[in-house]
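# Chain and residue survey
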Amino acid sequence: MATLIGLLASSGLRSGEVVRLDRSDVDLTNGVLLVRKTKFRKDRLVPVHTTTQAALRHYAHDRDAAFPTPKDQGFFLSSRGNRLSATGLQNGFAEVRKLAGLDGGKPLRPHDLRHRFAVTRLSFWHQQRADVQALLPLLATYLGHASYSDTAYYLTGSADLLACCGPRFPRWRCSMSEHLLLAPLLESYFRRRLTKQRNATPATVASYRDALRMLILFAAAKLRKRPAALVLEDLDRDLVLAFLDELEEKRNNTVATRNARLAAIRSFFHHVAAADPASFGVAQRVLTIPTKRAHIEVTHHLTKAEVDAVIAAPDQRTPRGRRDRAFLLFLARTGARVSEAIGVNADDLQLDRPRSQVLLHGKGRRDRVIPVPQDLARALAALLRECGIANHKPRPIFIGAHNERLTRFGATHIVRRAAAKAVAIRPNLAEKPISPHIFRHSLAMKLLQSGVDLLTIQAWLGHAQVATTHRYAAADVEMMRNGLEKAGIEGDYGTRFRPTDAVLQLLNSI
């Protein structure tokens, strides 16, 4: 028992890890333990001190002399020659604790030796003026922690440790004040984490940039500071929650938009926790903000007549009208996202083939080829001739008012302007949420009603999962009604169950 307790105290192993050690797991020559099937099913190698190595070698010699033919391959054996169980360890430890006179107050547990090992090691590092934040991941690996925060817990493990840390804090604070400013963290986040480490798309970078910009402007206005004077502690959990509430209450953002902004904020604070361990507490509190559940509305779409009315609305006698019609026709015939449509270049089109097609650059860097019908091919060819753009040139085909690539706001303006004119012909358009994305829903519903399978629609629209495409099947009431008729399900229902028991009646009334 003395060797086992010494191993717990000198290595910080869990008691379960010690009793599961086999003879083959203990390398007495090199002083390394192979700890198998630890918490979360992780194996790790644990080197031990030479004094511990000598004690283990001495125990192994006495054990082999007492049990030449062991009944088990366990390294630590009981008095009967079997592997020492967890209960046997607890009972033996209780006897040792009693002999040492440590039964008073809160009982000492074997696991407390693990805590003592961690706190003692941290205290030693502080006394040696070592960089504890840099060494903390090494301690986490040695102890087999699944999360870095589990090891950071020991930083406040005892009054002696806090007293040891106290004199170093003012000097550390002065040396680290530069890193607590937002500017270096923001720069490293966008230039290293998003761009180099995650290889995020320009659309993702722009979305995250806008979200953090809005948060910083909100914090500057609320705290009456200049954005450059903000420090990381200013962006605490309460301020982030107030910012999210303002998005919904004052800016009238949907829950989905609110969750998208929160995702960008959480991504930034994940980077903060790794880049500046001193700000781990601030980052952890922000990361606990949950996403908000949203009401999933019915997917809105346009009928064929409504789509044709919107496409025909622009004035074909003007260059702007011809461009608008070509853009609306592109959205309606390809089902492209607005970012995909405005991102199409002339060299993405193949109009000289027997069957024209276009290359769309979708979300998540997923490209796909979409067939182009004849009416759209004619409109695009005429637009290219009018703008003087050759098919092989990497130039945008949809140009804005300033002779630059059409923006998302410009695309939305084109769609709503055409829909406003089409209301005179199709009054139902006034009751529908008009945006470029509604053409995507309309094409999906048309394909589904035409008998196209969901997997083909998924490939056409560029969905990452078929579950996203399945929403269109739930939006078509006529298809569901036809399914009921084919299944022979009628509206004549049987008698409703009436509970007779008083308890069941009470539950039924709730």
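It should be noted that the structure appears before, not after, this text.
Treat the numbers as computed from the prediction; the structure is a model and nothing was measured.

Basis of the calculations
Residues numbered from 1 in each chain as written. Predicted model: local features only at pLDDT ≥ 70, side-chain atom pairs only at ≥ 80, totals over all residues. Heavy atoms only, no water. Salt bridge = Lys/Arg side-chain N within 4 Å of Asp/Glu carboxyl O. Helix = DSSP H or I, 4+ residues; strand = E, 2+ residues; numbered from the N terminus. Buried < 20%, exposed > 50% of the residue type's maximum accessible area, 1.4 Å probe, protein only. Pairing = 2+ DSSP bridges. Axes fitted to C-alpha atoms, helices over the stretch in contact; angles between N-to-C directions. Parallel < 35°, antiparallel > 145°, perpendicular 65-115°, else oblique. Contact = heavy atoms within 4.5 Å. Phe/Tyr/Trp six-rings, centres within 6.5 Å; stacked < 30°, edge-to-face > 60°. Lys NZ or Arg CZ within 6 Å of the ring centre and 35° of its normal.

## Re the pattern of salt bridges
This structure, assessed with the given rule, holds 22 salt bridges. Between Arg44 and Glu17 there is a salt bridge; the shortest N-O distance is 3.0 Å. Of this pair, Arg44 sits in strand E3 (residues 44–47) while Glu17 sits in helix H2 (residues 15–19), and the two are 27 residues apart along the sequence. Relative accessible area serves as the criterion here: at 11%, Arg44 is assigned to the buried category. Under the relative-accessibility criterion, Glu17 is labelled buried at 2%. Via salt bridges that share partners, Arg14, Glu17 and Arg44 belong to a single interconnected network.

## Points about the sheet that holds strand E1 (residues 26–27)
Overall, antiparallel pairing links the three strands, which are arranged E1-E2-E3 in an open sheet. Two strands bound the open sheet, and with one partner strand each, they are E1 and E3. Judged from the two bridges that link them, E1 and strand E2 (residues 32–35) form a sheet pairing that is antiparallel. Bridge assignment links Asp27 to a residue of E2, and that residue is Val32.

## A few points about the packing of helix H16 (residues 319–334) against helix H19 (residues 408–422)
Direction vectors running N to C along H16 and H19 enclose 95 degrees, while the axes themselves pass 10 Å from each other. As far as their axial angle goes, H19 and H16 are roughly perpendicular. Of H19, the residues touching H16 (which contributes Arg320, Arg323, Asp324, Phe327, Leu328 and Leu331) are Ala411, Ile414, Val415, Arg417 and Ala418.

## Some words on the packing of aromatic side chains
Scanning all chains against the criterion turns up nine aromatic pairs. Where Phe327 meets Phe398, the ring centres are 5.1 Å apart and the plane angle is 80 degrees; that geometry is what we call edge-to-face. Of the two residues, Phe327 is situated in helix H16 and Phe398 in the loop between helix H18 (374–387) and H19; the sequence distance between them amounts to 71 residues. For Phe327, a relative accessible area of 0% translates into the label buried. Here the aromatic cluster, defined as three or more aromatic residues joined through ring pairs, consists of Tyr189, Phe190, Phe268 and Phe269. Above the face of the Phe75 ring, Arg63 is positioned so that its terminal group lies 4.7 Å from the ring centre.

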